[in-house]
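Residue-level listing of the chains:
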Protein chains: 2
Amino acid sequence: MKNKRVAIIGAGPSGIAQLRAFESAEKQGHEIPELVCFEKQDTWGGQWNYSWRTGTDSYGEPVHSSMYRNLWSNGPKEVLEFAEYSFDEHFGKPISSYPPREVLWDYIAGRAKKSNVEKYIKFAHVVRWVSFDEATKLFTVTVENLRTGETSSDTYDNVIVGAGHFSFPNVPHFDGVETFPGQIMHAHEFRGAEAVADKDILLIGASYSAEDIGTQAYKMGARSVTFSYRSNPMGYEWPEEMTELPLVERFDGSEVHFVNGEKRKVDIVVFCTGYLHHYPFMPSELTLSSPNNLYPDTLYRGVVSEANNQLFWLGAQDQWLTFNMFDAQAWYVRDVILGRVALPSKEAQRNHMDKWLSRFEGLKSENDQIDFQCDYVEDLIDQTDYPSFDLKEVANILKGWVKSKEEDILNYRDYTYTSVMTGTTSVEHHTPWMIELDDSLERYLSEPQEDEARQVYRGKKVRDKA
Amino acid sequence: MKNKRVAIIGAGPSGIAQLRAFESAEKQGHEIPELVCFEKQDTWGGQWNYSWRTGTDSYGEPVHSSMYRNLWSNGPKEVLEFAEYSFDEHFGKPISSYPPREVLWDYIAGRAKKSNVEKYIKFAHVVRWVSFDEATKLFTVTVENLRTGETSSDTYDNVIVGAGHFSFPNVPHFDGVETFPGQIMHAHEFRGAEAVADKDILLIGASYSAEDIGTQAYKMGARSVTFSYRSNPMGYEWPEEMTELPLVERFDGSEVHFVNGEKRKVDIVVFCTGYLHHYPFMPSELTLSSPNNLYPDTLYRGVVSEANNQLFWLGAQDQWLTFNMFDAQAWYVRDVILGRVALPSKEAQRNHMDKWLSRFEGLKSENDQIDFQCDYVEDLIDQTDYPSFDLKEVANILKGWVKSKEEDILNYRDYTYTSVMTGTTSVEHHTPWMIELDDSLERYLSEPQEDEARQVYRGKKVRDKA
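Residues numbered from 1 in each chain as written. Chains lettered and ligands numbered in written order. Predicted model: local features only at pLDDT ≥ 70, side-chain atom pairs only at ≥ 80, totals over all residues. Heavy atoms only, no water.

**Examining the overall build of chain A**
- When helices and strands are tallied, chain A shows ten helices and 20 strands.
- Over its C-alpha atoms chain A spans a radius of gyration of 23 Å, differing by no more than 12% from the 23 Å that the globule rule assigns to 466 residues.
- When its C-alpha atoms are laid out on the principal axes, chain A stretches across 65 × 50 × 50 Å.
- The burial tally for chain A puts 61% of its 466 residues in the buried class. (Helix = DSSP H or I, 4+ residues; strand = E, 2+ residues; numbered from the N terminus. Rg over C-alpha atoms; globule rule 2.2 N^0.38 Å. Buried < 20%, exposed > 50% of the residue type's maximum accessible area, 1.4 Å probe, protein only.)

**Description of the interface of chain B and chain A**
- Every contact between the two is made by 42 residues of chain B and, on the other side, 42 residues of chain A.
- Across the chain B to chain A interface the summed buried area is about 3200 Å²; carbon plus sulfur atoms make up 56%.
- Between chain B and chain A we count zero salt bridges in total.
- There are 16 residue pairs in polar contact (both at pLDDT 80 or more) connecting chain B and chain A.
- Taken together, the elements giving at least two residues each to the side of chain B that touches chain A come down to β4 (125-133), β8 (168-169) and β9 (183-186) of chain B. (Contact = heavy atoms within 4.5 Å. Buried area = accessible area lost by both parts, 1.4 Å probe. Salt bridge = Lys/Arg side-chain N within 4 Å of Asp/Glu carboxyl O. Polar contact = N/O pair within 3.5 Å; in protein donor to acceptor, adjacent residues only side chain to side chain.)

**Let's talk about the packing of aromatic side chains**
- Counted according to the given criterion, the structure contains 61 aromatic pairs over all chains.
- When the ring of Tyr68(A) is compared with that of Phe190(A), the centres are 5.0 Å apart and the planes differ by 85 degrees; the resulting orientation is edge-to-face. Placement of Tyr68(A) in the loop between β2 (34-39) and α2 (87-91) and of Phe190(A) in the loop between β9 (183-186) and β10 (200-204) is noted, with a sequence separation of 122 residues between them.
- Owing to a relative accessible area of 5%, Tyr68(A) belongs among the buried residues under this scheme.
- For Phe190(A), a relative accessible area of 1% corresponds to the buried category.
- Cluster of aromatic residues (ring-pair linked, three or more members): Trp48(A), Phe82(A), Tyr85(A), Phe87(A), Phe91(A), Tyr107(A) and Phe323(A).
- Between Arg413(A) and the ring centre of Trp433(A), over which it is positioned, the NZ or CZ distance is 4.5 Å.
- Its end group placed over the ring of Phe82(B), Arg111(B) keeps NZ or CZ at 4.1 Å from the ring centre. (Phe/Tyr/Trp six-rings, centres within 6.5 Å; stacked < 30°, edge-to-face > 60°. Lys NZ or Arg CZ within 6 Å of the ring centre and 35° of its normal.)

**A look at the side chain of Asn324(A)**
- Its place among the elements puts Asn324(A) in helix α5 (residues 323-338).
- Apart from the residues within four sequence positions on either side, Asn324(A) is in contact with Val79(A), Leu80(A), Glu81(A), Tyr386(A), Phe389(A) and Met421(A).

**Examining the relation of the copies chain B and chain A**
- Aligned on chain A, chain B shows an RMSD of 0.0 Å; the corresponding rotation is 180 degrees and the shift along the axis is 0.0 Å. Within this description, the copies of the chain are treated as partners about a two-fold rotation axis. Closest approach to the rotation axis within chain B is made by the C-alpha atom of Gly55(B), at a distance of 1.9 Å. (Least-squares fit on C-alpha atoms with pLDDT ≥ 70 in both.)

**Digging into the packing of helix α1 (residues 13-27) of chain A against α5(A)**
Residues and elements named next belong to chain A.
- Running from N to C, α1 and α5 point in directions that differ by 50 degrees, and their axes come no closer than 8 Å. It follows from the interaxial angle that α1 and α5 lie oblique. By crossing handedness, the relation of α1 to α5 is classed as right-handed. In contact with Pro-13, Ser-14, Ala-17, Gln-18, Arg-20, Ala-21, Phe-22, Ser-24 and Ala-25 of α1, α5 contributes Phe-323, Phe-326, Asp-327, Ala-330, Trp-331, Val-333, Arg-334, Ile-337 and Leu-338.
- Residues that form the contact of α1 with α5 fall into these classes: twelve nonpolar, three polar and three charged. (Axes fitted to C-alpha atoms, helices over the stretch in contact; angles between N-to-C directions. Parallel < 35°, antiparallel > 145°, perpendicular 65-115°, else oblique. Left-handed = near helix turned anticlockwise from the far one by under 90°. Nonpolar A, V, L, I, M, F, W, Y, C, P; charged D, E, K, R; others polar.)

**Description of the pairing of strand β13 (residues 248-252) of chain A**
Residues and elements named next belong to chain A.
- One ladder, built from four bridges, connects β13 with strand β14 (residues 255-258); its direction is antiparallel. Residue pairing across strands places Val-248 opposite Phe-258, the latter belonging to β14.
- The turn joining β13 and β14, which pair antiparallel and follow one another in sequence, is formed by two residues; a positive phi near 60 degrees is taken by Gly-253. (Pairing = 2+ DSSP bridges.)

**A short note on the packing of helix α7 (residues 366-381) of chain A against helix α8 (residues 391-407) of chain A**
Residue and element names in this part refer to chain A.
- Between α7 and α8, the shortest axis-to-axis distance is 9 Å and the interhelical angle comes to 155 degrees. One finds that α7 runs roughly antiparallel with respect to α8. When the axes of α7 and α8 are compared, the crossing they make is right-handed. For the pair formed by α7 and α8, the contact residues are Glu-366, Asn-367, Ile-370, Asp-371, Cys-374, Asp-375, Val-377, Glu-378 and Ile-381 on the first element and Leu-391, Lys-392, Val-394, Ala-395, Leu-398, Lys-399 and Val-402 on the second.

**Details of the sheet that holds strand β15 (residues 263-265) of chain B**
All names here are of chain B.
- Strand order in this open sheet of three strands is β13-β14-β15, and the pairing throughout is antiparallel. Looking along the sheet, the strands with just one partner apiece sit at the ends: β13 (248-252) and β15. Neighbour-to-neighbour, the strand axes of the sheet open up by a mean angle of 20 degrees, direction not taken into account.

**Here's the deal with the domain arrangement of chain A**
Residue and element names in this part refer to chain A.
- Taken domain by domain, chain A consists of domain 1 (5-167 + 275-402) and domain 2 (171-271).
- One C-alpha centre belongs to domain 1, the other to domain 2, and the line joining them spans 31 Å.
- Contact residues are listed per partner, giving 20 residues for domain 1 and 15 residues for domain 2.
- Of the roughly 1400 Å² buried at the junction of domain 1 and domain 2 (both faces included), carbon and sulfur atoms supply 42%.
- The three residues of domain 1 that bury the most area against domain 2 are Tyr-68, Asn-70 and Tyr-275, which together make up 41% of that side's buried surface.
- Linking domain 1 with domain 2 are 14 residue pairs in polar contact (both at pLDDT 80 or more), by the criterion used here.
- For the side of domain 1 that touches domain 2, the per-class residue count stands at ten nonpolar, eight polar and two charged. (Domains from an automatic or database assignment.)

**Focus: the side chain of Asp327(A)**
All names here are of chain A.
- Along the chain, Asp-327 falls in helix α5.
- Polar contacts involving the side chain of Asp-327 include one to the side chain of Arg-111, which spans 2.6 Å.
- Filtering out sequence-adjacent residues up to four positions away, Asp-327 remains in contact with Ala-17, Phe-82, Glu-84, Arg-111 and Tyr-386.

**A short note on the environment of Asp154(A)**
Residues and elements named next belong to chain A.
- Tracing the backbone shows Asp-154 in strand β6 (residues 151-156).
- Given a relative accessible area of 40%, Asp-154 falls into the partly exposed group.
- When the C-alpha atoms of Asp-154 and Thr-142 are compared, they prove to be 6.7 Å apart, with twelve residues separating the residues in sequence.
- When near neighbours in sequence (up to four residues on either side) are disregarded, Asp-154 contacts Arg-5, Phe-139, Thr-140 and Val-141.

**Focus on the sheet that holds β13(A)**
Residues and elements named next belong to chain A.
- Spatial strand order, β13-β14-β15: three strands in an open sheet with antiparallel pairing. Only two strands of the sheet have a single partner each, and these edge strands are β13 and β15 (263-265). Sheet twist, expressed as the mean angle between neighbouring strand axes with direction ignored, is 20 degrees.
- Pairing analysis gives three bridges linking β14 to β15, with the strands arranged antiparallel.

**As for the pattern of salt bridges**
Residues and elements named next belong to chain A.
- For the structure shown, the criterion picks out 66 salt bridges over all chains.
- Put simply, Arg-413 and Asp-212 hold a salt bridge, and the shortest N to O gap is 2.6 Å. With Arg-413 in the loop between α8 and α9 (441-445) and Asp-212 in helix α4 (residues 208-219), this pair connects stretches of sequence that are 201 residues apart.
- In this structure, a network of salt bridges that share partners links the residues Arg-20, Glu-23, Glu-84, Arg-111 and Asp-327.

**Points about helix α5 (residues 323-338) of chain B**
Residue and element names in this part refer to chain B.
- The terminal C-alpha atoms of α5, which comprises 16 residues, lie 22 Å apart, in line with the 22 Å expected from a rise of 1.5 Å per residue.
- Summarising burial for α5: 16 of the 16 residues are buried, a large majority.
- At the exit of α5 stands Gly-339, carrying a positive phi of roughly 80 degrees. (Expected span 1.5 Å × (residues − 1).)

**Things to note about α8(A)**
Residue and element names in this part refer to chain A.
- For α8, spanning 17 residues, the distance from its first C-alpha to its last is 24 Å, which sits close to the expected 24 Å at 1.5 Å a residue.
- Taken together, the buried positions of α8 are Leu-391, Val-394, Ala-395, Ile-397, Leu-398, Trp-401, Val-402, Ser-404 and Lys-405.
- Near the N-terminus of α8, the side chain that reaches the backbone nitrogen of Lys-392, with its oxygen 3.2 Å away, is that of Asp-390.

**Details of the environment of Leu288(B)**
Residues and elements named next belong to chain B.
- Residue position: Leu-288 is located in the loop between β17 (275-276) and β18 (299-300).
- In sequence terms Leu-288 and Val-304 are 16 residues apart; their C-alpha atoms lie 11 Å from each other.
- If sequence neighbours within four positions are ignored, Leu-288 has contacts with His-277, Tyr-279, Pro-296, Asp-297, Thr-298, Leu-299, Trp-313 and Ala-316.

**Re the environment of Met421(B)**
All names here are of chain B.
- For Met-421, the position within the fold is in the loop between α8 (391-407) and α9 (441-445).
- Owing to a relative accessible area of 22%, Met-421 belongs among the partly exposed residues under this scheme.
- For the pair Met-421 and Val-304, spaced 117 residues apart in sequence, the C-alpha to C-alpha distance is 28 Å.
- Setting aside chain neighbours within four positions, we find Met-421 in contact with Glu-81, Phe-82, Ala-83, Asn-324 and Phe-389.

See the structure below:
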C-alpha cells in the first residue's frame, strides 16, 4: 500500500477533506498511500481564498476564486459545519448563523491547521495535463511550478479532482452587447458592491449570484437594481428600487431592451449566468462533462468516474450542502482507494446511477432537492466511518432557510439556527446585516455596544434595516 | 518533404504570415510540408480580433485579445504595411495614416482571404500541451476542439509558436489595493473609454497602454487622468486635466498615496503594467522565458529556439515594426524548414545571438531602438525572397512618429506619411482624431462633408481639438 501514489488536484475544502480523510485513517493505524496535492493558488481555501485580481492571476493563470469582498455566507453555517470540527471548537464561542467570507475561510484554515495535512500540499503548482496509460494502469500528471516555471511529470495510481466548478464563467451573448459602453462583467469578476452606489445596475440571472449581488448592491446604495430572468423570476418581495424583468433581448449602447418590450438605461451589467464544468487539464475520454446539477451523470455515488474507476471527482454537484458533503465524499473515495470499500461491477454502478438519476429527474420543488441531497450524503456516510449526524434536521434547516428568504430577502441573514453537531444555537449578530458594512474577521468577532454597532458607519450610504 | 508535418500555434498576423510564406513557396513550385494551424479563437486576427468579453471567453479559456473598442493604430500604418499586400491594394484608395482597429483587422483579413490559407486553420482549437521525443525527434501536440470538447494528439516535425505575448497581463501588487472600492483592471481588460466620462482615472504605467488609454480617457471626457510611473514620466505636454506622478506607494480605500507624498482620490484604476511571456502549453525545457524586449535571448535570429532547432517563435520581440517583421520572420522560418537556409552550428548560433545582444544592451535612445529593429528585419529579409523594401525610410518614419508625439500627443494621429511600398502619401482623415468618436469601418471609409464630420457628434462630450 505504501507505494501506491495518489494525486489530489486542488486544496480547497474538497482537497483538504481528502487529505484529512487519509490522515484520519492513518491515525487509526492504517497504512496510507503517498499523497501529493497540487494547488494553483498561493494558499489553500479554493473558492474562499479571496483575490482582488480578476481575469488572470499574478502567474498569468485564470483567477480561480469567484469571491468578493462583501460576501457573507448566503446559507446558515449550520448546514455546512464539519462533523469532525465544529464552529464552537474553532471560535470558542457561539457566533451568528451567517458569517462573512473571512470568517469562513478562517474556519476552513483552522481545521486544516489542526491537522497535519499542509505537508502534502504543493502551492502555486498548476496541473497542465493528465493522461492514463492502459498498459501500466497509471496516470501521468504534468505540473508547472508557477513560481519557477519548471514543468515536470509523475505517475500516480489515482487522481482525485477537487478543482471546483464555480471558477469558469458561463457568459451568453446578447445582440448588441459589444455596444454597451459601461462596465460589463460576470459575477466571477465582481469584487465588491461599493462602486455601484448611485448607479443603475442590471443583473442577468435569477439564481444565487443575482440574488446576492443584487442585495449587496441595494445595501451599498445602488440607485436601481434590475434583474433579468430567462424562465422564472425569483419572486421575492423586493423594495421598490429592485425590479425583476424577463430576459434581455438586445443592447443598444447603454439602453437595454427586454423581451417584454420594456427598456432601461443602466450603468453596469453583471452576468449572473452560472459556471462551466471546465477542466483544461483533462483529456476528453476522462473528463467530466455536465451541466451544473445535483447529480452529474457518469459519477458513481457522485464521485467515482465511470470512465475510469481510478479517477474521482469531489464536490462536482450543485450544492445545498457543501463542506460536510465534500467530507462524506472524501471519506468514501479514501475507502475505495484503501480497498475498504469494494466497487461493484460497471453494470451495477450504472444501475445505481440510473436509480438516483431517475429520482433526480423527478424532483419538483426546492424541498425535494434538499431531501435528495441530504439523502445522498447520508447514504455516503453510511459507507464509511465519517461521523454521522442528523441529516433530517439539516434538511429542516435548509427548508427553513428557503422560507426565511421568502419572508424577508433583505434581512434573512439575521435569523439564527441550531447546530446538529453541537446543539449550540447561534447568536444574533451584534449588527443587523443590512447596516453592517465591515465584513472583516476582526469586526465580526468584536463585541461593540449596541449604539456603537449601529452608528459606526454613520455618514456612509446605508439602507436602513427594513 | 510532403510527409513532413508542421504545427503552427495561432492564426494572428504571425500565424497567417507563416501560412502565406509556405503558400508563396508552393506557388513557386516547391513542395511544402503538411500544415496545421491551431487558433483558439473563433476567427483569425489574434490581437486584432476584438472581443467584448473579459477574463475568460465563451469556452472558459483566457480571453486572448487585449483590444478595445476605441483603439486606433498608435503608429503610422506605413511602418506595418505588408510588402506583398499594400493598403492601396486592399482599400482601392489612399486612407489616413492611423486607422482604427476594425480597419486594420479588415486589412489583415483581406490579405488572408486573397490567399488560400484558411484551409489550414483549425479555429476554436486550443493547444493544451507540447512535448518532444528525443528518440523520434518529433513533437507531440495535444489539442482540444473547444466546440466539441474532444482532445487529441498528433506528432509534428516542427512547431511554430505564433501565440503572441500581449495577452497575459503583468499585474503587480500594491499595499492596500484590495481595499480599493472602485473598478480595478489591467489594460488587457479595458474595453472602451466611454464609461470614464466625468470620472477620475489612474493609469499605472508609462508606456504605450498608459499613453493610449489616458488619451482616450481625456478624449471621452474623463474629469482627470493621473499617470503613475516607476522610473521616468512620459514627459509629454499634457493638458491640465492630465498629470504624471511617481509610483503608487499604497491604496487606502479610494485614496491613492504616491511615493512623493501626494495623494489622490480616484474612481477607476487601470494597470498599464505590461504583459508576460506566458505559454501554458509549453514544457519548461522548450518554452521561451524572457522579459518583453527587442531581443529575447535564446532565439537565433529572433526565431529559432536555441533549446530545439525544430521549434520556432514568431513576433516574440517588443515591436516597433509588426506585420512586416512577422512576415520577414515567417519567410525565414519557412526556408529553414524547407532546407533552403542551413542553420549554423549551435556555437555559431550563440555567437550570433551574443553579437546582437551586445548591440541591444548598448541602445541608448528610442532612435537607437528603431535602427536596431529595422536592421534586424533587413538582415532577415536578406536571407529569403520576401520582397525587400526601404527599411531606412521606415526607420525615418518611426523617428518622425516619435517626434510627432512630442509635438502634439493629443493630435499626432492627424499627421500623414508616405508608403515605402507604393509611394502613396496617406490622406488627412475627414475628421480630426480628437473629435471622431465613431471608430467603425463604415464611418472611417465614408466621405462626409467637412461640416457634417465636425458636427455629427454635437451634444456628446468631446474635447475640442487643441
